[in-house]
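So you can see what is in the structure, the chains are spelled out below.
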Amino acid sequence: MSSLAVRKAPSTAGATGTARSRPPLRGRIALVPTLTLVLGAVYCLLPVAWVVIASTKSGSELFSTFTFLPGTGFADNIADLDAYRDGIYWQWMANSGLYAVLGALLSTGVSAFSGYALATYRFRGRETMFNVLLAGVLMPPIILAVPQYLLMAKADLTDSYWSVLLPQILSPYGVYLSRIYAAAAVPGDVVEAGRMDGASEWRIFTRIALPMMIPGMVTVFLFQFVAIWNNFLLPYIMLSDDERFPLTLGLFTLLEQGANTPALYTLVITGAFLAVIPLVALFLVIQRFWSLDLLSGAVKS
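As the structure is a prediction and not an experimental result, all values here were calculated from the model.

A. The overall build of the chain, seen in detail. In terms of regular secondary structure, the chain is built from 14 helices and zero strands. Along the chain, helices (α) and strands (β) appear in the sequence α-α-α-α-α-α-α-α-α-α-α-α-α-α when read from the amino end. Counting over 301 residues, the chain shows a buried share of 32%. Here the contacts in the chain between residues at least 6 apart in sequence split such that 72% fall between residues at least 24 apart. Per element, the accessible surface of the chain, about 18400 Å² overall, is 69% carbon and sulfur.

So, in C-alpha cells, the structure goes:
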C-alpha cells in the first residue's frame, strides 16, 4: 500500500503543476471582450489607414502598387487639390466649418436650455413632450429631409446657408442628453436656494446650472459637430450652388466626375484625408478639456 502511494505521488504533483500553469477560467473569459474590442478597433481604423496611405500616392501608383505601401505623390496631390477650380476645396472646408461650428453651438444652447427646463420645472404635458422628443431620436433623418425642404422652399430659404443651418439647430438626441445630465448634475436644493436668494430663473440657469452642465454640453457639442460635419443628405437636397457645398457634398461631386476623369480620384482621397484632420483635432482638444474638468471637480470636492 505504501509503495502504491509513493508511486501515485509524482503523478498527483504533475497534475497540480499542469493545473497551475493553465490560466484561470475567469481570466480566459475576460479575454473575449478584449479580443472583440481589438477586432472592432481594427475594423474601424483599417479604412482610415487606407485613406492616409492612399493620399500619399500619385495617380499611377494608386492602382499599380500594394494597397498599404506609401507612395511619393502627397505633395503633388495637395498642390493639385489646391489648384482645382481655384481652390474651391478650401471653400468647401470653410463651409463645413461654418455649418458645424455655428450649428453645433446653436444646437448645444437650445439643448441645454430645453434639457434644463424639462429636468427642473414641473408643468402639464412635460412627459408627453419628452416622449415626442424620444420618438424624434428614433426617427431616421431621411424621413424629415423632404418635409424640411418643403418648409425651406415655402420660406424661400433653399440654396442658402440658412437652409442647412436651421434644420440642425434642434437636436432631439441633444435635448435628451441635456435633460438626463441636468437631472443628475443640478441638485434641486441649489436651484431652490437661488430662488430664495431672489435670483431670477435666467440668472439661476446661466450662473448656477449651466456651469454644472458644462461637461455634458461639451459632449452634446461634439456629437452635433461630428453629425453636421459628416452630414450629406440635407445639403444634397437643399443646395444647388457648389460654392455653398460642404466637404461631403463637394467630394461627392468630385467622385462622380472621377468616373470620366480617373485623375480626380487622387484629389477625392486626399480631400477625404484632410477632412478627417479637424475632427481628430477637435476630439483631442475636447478630451483634454474633459480631463481638466474632472480634475478640477475632484479638487473642489
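B. Region of interest: the side chain of Thr-266. Mapping Thr-266 onto the fold places it in helix α14 (residues 264–300). Classification of Thr-266 by relative accessible area gives buried; the value is 7%. Excluding residues within four positions of it along the chain, Thr-266 makes contact with Lys-57, Ser-58, Gly-59, Leu-62 and Asn-77.

C. Geometry of the nonpolar core. Ranked by internal contacts, the top residues of the largest apolar core, which has 36 residues, are Tyr-89, Trp-92, Phe-225, Trp-229, Leu-247 and Leu-254. The set of elements that each furnish at least two residues to this core consists of α5 (88–120), α8 (161–165), α11 (201–229), α12 (233–238), α13 (247–258) and α14. Here this core takes nine residues from α14, the largest share from any one element. Beyond its immediate chain neighbours, meaning those up to four positions away, Leu-254 contacts Tyr-84, Trp-92, Leu-264 and Val-268. Counting residues in hydrophobic clusters, the runner-up holds twelve residues, among them Ile-204, Ala-209, Met-213 and Met-217.

D. Fine view of a nonpolar patch on the surface. The grouping of Val-38, Val-42, Leu-46, Trp-50, Phe-66, Phe-68 and Leu-69 at the surface amounts to a nonpolar patch, some 660 Å² of accessible area in total. Along the chain, Leu-69 falls in the loop between α3 (59–62) and α4 (74–83). Residue class for Leu-69 comes out partly exposed when judged on its relative accessible area of 44%.

E. Inspection of the packing of aromatic side chains at higher detail. Going through the model one piece at a time under the given rule, you end up with 18 aromatic pairs. Both rings, one in Phe-232 and one in Tyr-236, keep their centres 5.3 Å apart while their planes meet at 25 degrees; by these two values the pair is stacked. Here Phe-232 falls in the partly exposed class, since its relative accessible area comes to 29%. Residue class for Tyr-236 comes out partly exposed when judged on its relative accessible area of 46%. One aromatic cluster in this structure is built from Phe-113, Tyr-116, Tyr-121, Trp-202 and Phe-205. Over the ring of Phe-130 we find Arg-179; its NZ or CZ atom is 4.1 Å from the centre of that ring.

F. Region of the structure containing the side chain of Ser-111. For Ser-111, the position within the fold is in helix α5. Of note is the side chain of Ser-111, whose polar atom sits 2.8 Å from the backbone oxygen of Ser-107. Ignoring anything within four residues of it in the chain, the contact list for Ser-111 reads Ser-171, Gly-174, Val-175, Ser-178 and Val-220.

G. Seen up close, the confidence of the model for the chain. Averaged over the chain, the pLDDT score is 84; the fraction of residues at 70 or greater is 86%. Within the chain, helix α1 (residues 2–21) has the poorest average pLDDT of any element, 48, and α5 the best, 94. Of the regions scoring below 50 in pLDDT, residues 1–10 engages in zero contacts with residues more than four places distant in sequence or in other chains. In this model residues 294–301 is a low-confidence stretch, pLDDT under 50, and it forms zero contacts with partners more than four residues away in sequence or in other chains.

Conventions adopted
- Residues numbered from 1 in each chain as written.
- Predicted model: local features only at pLDDT ≥ 70, side-chain atom pairs only at ≥ 80, totals over all residues.
- Heavy atoms only, no water.
- Helix = DSSP H or I, 4+ residues; strand = E, 2+ residues; numbered from the N terminus.
- Buried < 20%, exposed > 50% of the residue type's maximum accessible area, 1.4 Å probe, protein only.
- Contact = heavy atoms within 4.5 Å.
- Areas by Shrake-Rupley, 256 points an atom, 1.4 Å probe, with all protein chains shown as cover.
- Core = buried A, V, L, I, M, F, W, Y, C linked by side-chain atoms within 4.5 Å.
- Patch = residues over 30% accessible without salt bridge, like charges linked within 9 Å, V, L, I, M, F, W, Y side chains within 5 Å.
- Salt bridge = Lys/Arg side-chain N within 4 Å of Asp/Glu carboxyl O.
- Phe/Tyr/Trp six-rings, centres within 6.5 Å; stacked < 30°, edge-to-face > 60°.
- Lys NZ or Arg CZ within 6 Å of the ring centre and 35° of its normal.
- Polar contact = N/O pair within 3.5 Å; in protein donor to acceptor, adjacent residues only side chain to side chain.
- pLDDT = per-residue confidence, 0-100.

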